[in-house]
Each structure stands twice: as C-alpha cells, then as structure tokens.
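# Observations on the model geometry
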Amino acid sequence: MQITSHTARLWILVVIVAISGFSQGMLLPLLAVIFEQQGVSSSVNGLHATALYIGILLASPFMEKPLRAFGYKPLIVTGGAVVISSLALFPVWESFWFWFALRLLIGIGDNMLHFGTQTWITSFSPVEKRGRNISLYGLFFGLGFALGPFMVPLVEWNANAPFWISAALSLFAWLGIWFLANERPQVEQEEVATLGIRGTFHRFGSVTRIAWIAFLPPFGYGFLEASINGNFPVYALRQGFSVEYVSYVLLPAFVIGGIITQIPLGVLSDRLGRLPILRIALSGGTLFFILSSFVEEIPWLFGACFFVAGMFIGSSFSLGISYMTDLVPPSLLPAGNILCGAFFSFGSMTGPFIGGILIELFPELPFTLLLGGMLGLIFLCLQFGQTQVRTSSASAGSQAKG
C-alpha cells in the first residue's frame, strides 16, 4: 500500500527526522565524553566532532541531481541505510580514525535524509501552513536530539549499548518510508539541460543572492548546537560538573526549551512574518546566554538560563528554512534547502573546533559568552541586512514575471 495523504506523509517524515536527531544528539556528547576520559585534547576532540558536518558539506553539491532524477523516496531510503549501517559499525572497532570515518558517513547519510525530507515538506506545504509544518519538522528533530544525551551514561553499563539502541531505532523509523508513494520535485523546462554540477552551483549563486540572510539562522543554530553538545561537556567536566548533571539537566534543558516554543513561534511567523520573529529569537538567546555566564556557580539558575535560551533560539533553524522558502521561487527550493543544510553544517563544523581551541587557550572564560557573542553578531546582520534582501527579492520577482 502506497500512502499519498499529505498529513500521513508529514508524520512519517517527521518521525524519520526525530530518529536522525536522536542519533546526532547521542553521538556528539557520547564521543566527546569517551575521548575526554581517554585524555584526548579538547581541540582534537572538537575536530573529531566536525567529521559529521564535513560529510554533510562534501555531499551537498551532489544531492540535487539524484533528487530531481529519482525523487524524494529513493534519496531518503539510501540516506537511512547509510546511517543505520554506520551506527551498527561503531562497536566493531574502537579507533579514533575509524570512528572519524563512520561519523563522516553518517554526515553523508544525514544529508540525504534531511535534504529529502526538508524539501519534500516545503514543496507540499501551503503558504499559510508552511511555518507550522516546518516547525513540526524542527520540533521532532529537537525531541530526538533532546533524548540522545540520555544514552551517554549507558557507557558505564555497556560501551556498545548506545550505538545498538540508536541503530535499532533508526531501522524502525526507516521502514516507514517504504509506505510512501514517491514524488519528484518540479523542474522548469529551462532547467532540464542544467541538472549537472555546473547547473547546481549556478542555482546556488541565484539562491544566495536572493536569500543569503535566511542562511544565517541555520548557521548560528548549527554552531550553537554542536558547540553545546560537542564542547560544553568537556568544559563542564573541567569546571566540576558531573556527567549526570550535564547529560540529564543542562543539555536537555536547552533542547526542551526549543521544543516547547517550536510550533508557537512557527505559527507566529506565519502571522507576523519570519524576520520579526527571528530578531526576537536571536536577541533573547543572546541575552540569556550572556546572563548564564554570570551564574555558573548556581546550578539551578544556570540550567534555567539554558532552558530560556533554548526557548528563544531553538526554532532558528526551522524559521530560517521557512524564511528562505518565502524568498525564493519554487524552482529553486531544492537548491535553497541544500544551502540551509550546508550553512547549518558549516556552523556545526566550525563551532566545536573554535570552541575546543578557546577552552584550551582561555580555560577560565565562561563558554556561554562565546555562544552569546555569536548570536549577537547574527542578530546585527538580520537587523541591518533587510534592505539588501528586499532589493534582491524584488529583482528576482521581476525577472520571473518577465
């Protein structure tokens, strides 16, 4: 039986995204803690965390052609198979570089999963429900990501258990995609001859000119998420926090805060506009991360700041996707979704590396100041870059009409 209902399709896709979020949310702190206990330096630890995002970036230019040629379903099925196989191979050999390669493969598989599901959802979502549907996407990814760190303490019982559990859950979600009827994105007649890499990069350039400002929130959220899950456990352990407090309180607090406000902010963005809501979210996240740096010695207050910061900033990735979808014509949606994922990955890749270096160079500097400062810079870009985006969008609209 092939499912064609938009509602059923949406729920199957967001469940797949939730399990993907679970595996990512588990791997970042789990491997960070394992390497920290083995005496690996924080900078090298952070470099290892970039492997997943290097995989995403390497695969990005090659995603559009197979999607347009074969459709959404084959791409998602292939990505899921790569992720499941890689997770199952972690217990086979505990090696720094073998695990680096597996993280790289998971990045490639996750890119297929997220690009396929993301583009599919944006393509069939009506404008008046776009923010809500993308918020559901972000909500389920966040739910999975929030549950991932709960696997970290299991290493004290069985070092392989987190990998086995994550692989089994991924397999369960992956089976659901087989029930969906395949679809292909719409291709304009003039694009048929430009489906290769050169045509893809040409569309990347067009989307960037129109919607560059919409890529900054995904970049910021990637930087933030990877730094919190990849660097912060190392910083927290060196400051005397327990593994249990980091895994069960601080990391989930940020993600749960984002989960609570994901749909409300998405619905508000449908009514009030993406840009005003993005500005509110980024300014609030900046404020509470900076405040948290002054209350590190008060665990409940420190956790509360993480929670409130998550409420503000946890929707920035999905809001960025919705904003991009508003700005670009439908024929450029695949390229726009690739770039949203690429900017998220670039932020996720640079965050742990920069964070690891800063922990080594300035061990007494509150780590949350880095996070607050980065969000503040993106807020300023959104505040002062609106005019240029309006001009580019108007120009693109005029060319489309002509």
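Residues numbered from 1 in each chain as written. Predicted model: local features only at pLDDT ≥ 70, side-chain atom pairs only at ≥ 80, totals over all residues. Heavy atoms only, no water.

### Details of a nonpolar patch on the surface
- Taken together, I290, F294, L361, F362, L365 and L369 make up a surface patch of nonpolar side chains, about 590 Å² in accessible area.
- Note that L361 resides in helix α16 (residues 333-361). (Patch = residues over 30% accessible without salt bridge, like charges linked within 9 Å, V, L, I, M, F, W, Y side chains within 5 Å. Areas by Shrake-Rupley, 256 points an atom, 1.4 Å probe, with all protein chains shown as cover. Salt bridge = Lys/Arg side-chain N within 4 Å of Asp/Glu carboxyl O. Helix = DSSP H or I, 4+ residues; strand = E, 2+ residues; numbered from the N terminus.)

### Examining the pattern of salt bridges
- Tallying each qualifying case throughout the model produces 6 salt bridges.
- Put simply, D326 and R130 hold a salt bridge, and the shortest N to O gap is 3.1 Å. With D326 in helix α15 (residues 316-327) and R130 in helix α7 (residues 130-147), this residue pair connects regions lying 196 residues apart in the sequence.
- By relative accessible area, which is 35% here, D326 ends up partly exposed.
- Judged by relative accessible area, which is 10%, R130 ranks as buried.
- Taking the shortest distance from any N to any O, the salt bridge between D326 and R274 comes out at 2.6 Å. Of this pair, D326 sits in helix α15 while R274 sits in helix α13 (residues 274-292); the two residues are 52 residues apart in sequence, bridging distant segments of the chain.
- For R274, a relative accessible area of 6% puts it in the buried group. (Buried < 20%, exposed > 50% of the residue type's maximum accessible area, 1.4 Å probe, protein only.)

### Some words on the packing of helix α1 (residues 6-37) against helix α2 (residues 42-49)
- Relative to each other, α1 and α2 sit at 150 degrees, their axes nearing to 10 Å. Comparing their axes, α2 and α1 come out roughly antiparallel. The crossing of α1 and α2 is right-handed. Between α1 and α2, the contacting residues are L28, L31, A32, F35 and E36 on the first element and N45, H48 and A49 on the second.
- Its residues assigned to classes, the contact of α1 with α2 comprises 5 nonpolar, 2 polar and 1 charged. (Axes fitted to C-alpha atoms, helices over the stretch in contact; angles between N-to-C directions. Parallel < 35°, antiparallel > 145°, perpendicular 65-115°, else oblique. Left-handed = near helix turned anticlockwise from the far one by under 90°. Contact = heavy atoms within 4.5 Å. Nonpolar A, V, L, I, M, F, W, Y, C, P; charged D, E, K, R; others polar.)

### Remarks on the confidence of the model for the protein
- Mean pLDDT over the protein works out to 83, with 92% of the residues at or above the 70 mark.
- Within the model, the stretch residues 391-402 combines pLDDT values under 50 with 5 contacts to residues more than four positions away or in other chains. (pLDDT = per-residue confidence, 0-100.)

### A short note on the nonpolar core
- The biggest cluster of nonpolar side chains holds 119 residues, and the ones touching the most others in it are L224, F254, F289, F306 and M324.
- In this structure, L224 is in contact with F254, F289, I313, L371, M374 and L375, ignoring residues within four places of it in sequence. (Core = buried A, V, L, I, M, F, W, Y, C linked by side-chain atoms within 4.5 Å.)

### So, helix α17 (residues 367-384)
- Between its terminal C-alpha atoms α17 stretches 27 Å, which fits the 26 Å expected from 18 residues at 1.5 Å a residue.
- Of the positions making up α17, those classed as buried are F367, T368, L370, L371, G372, M374, L375, G376, I378 and L382. (Expected span 1.5 Å × (residues − 1).)

### Some thoughts on empty space enclosed by the protein
- Taken as a whole, this structure holds 5 cavities of 30 Å³ or more when the rule is applied.
- The volume enclosed by the largest cavity comes to roughly 310 Å³.
- Together, 27 residues line the largest cavity, and H114, Y137, F141, F317 and F344 are the ones closest to its centre.
- For the lining of the largest cavity, the secondary-structure elements that each account for two or more residues are α6 (96-124), α7, α12 (243-272), α15 and α16. (1 Å grid on protein atoms, 1.4 Å probe; cavity = no way out; pocket = protein on both sides within 12 Å on 5 of 7 lines; lining within 4 Å. Points joined across faces, edges and corners; volume = space filled by probe spheres on them.)

### Quick notes on the packing of helix α5 (residues 72-89) against helix α8 (residues 161-176)
- Packing of α5 against α8 leaves a shortest axis separation of 8 Å and a crossing angle of 160 degrees. Classified by the angle their axes make, α5 and α8 are roughly antiparallel. Considering how the two elements wind past one another, α5 and α8 form a crossing that is left-handed. Of the residues in α8, those in contact with I76, V77, G80, A81, I84, L87 and A88 of α5 are F163, S166, A167, S170, L171 and W174.
- Considering only residue class, the contact of α5 with α8 consists of 10 nonpolar, 3 polar and no charged.

### A closer look at the environment of L139
- Within the fold, L139 resides in helix α7.
- Residue L139 is classed as buried on the basis of its relative accessible area of 12%.
- Each C-alpha atom of the pair L139 and I260 lies 8.3 Å from the other, and the pair is 121 residues apart in sequence.

### Looking at the packing of aromatic side chains
- Under the criterion given, the structure shown has 28 aromatic pairs.
- Taking the centre distance of 6.3 Å and the plane angle of 45 degrees together, the rings of F219 and F223 count as tilted. Separated by 4 residues within a single helix, F219 and F223 lie in helix α10 (residues 216-230), roughly one turn from each other.
- Note on F219: relative accessible area 18%, which makes it buried.
- Seen from their ring centres, F241 and F302 are 5.9 Å apart, and the 15 degrees between their planes marks the pair as stacked. One end of the pair, F241, is in the loop between α11 (232-238) and α12; the other, F302, is in helix α14 (residues 299-313), with 61 residues separating them in the sequence.
- Over the face of the ring belonging to F124 we find R9, whose NZ or CZ atom lies 4.9 Å from the ring centre. (Phe/Tyr/Trp six-rings, centres within 6.5 Å; stacked < 30°, edge-to-face > 60°. Lys NZ or Arg CZ within 6 Å of the ring centre and 35° of its normal.)

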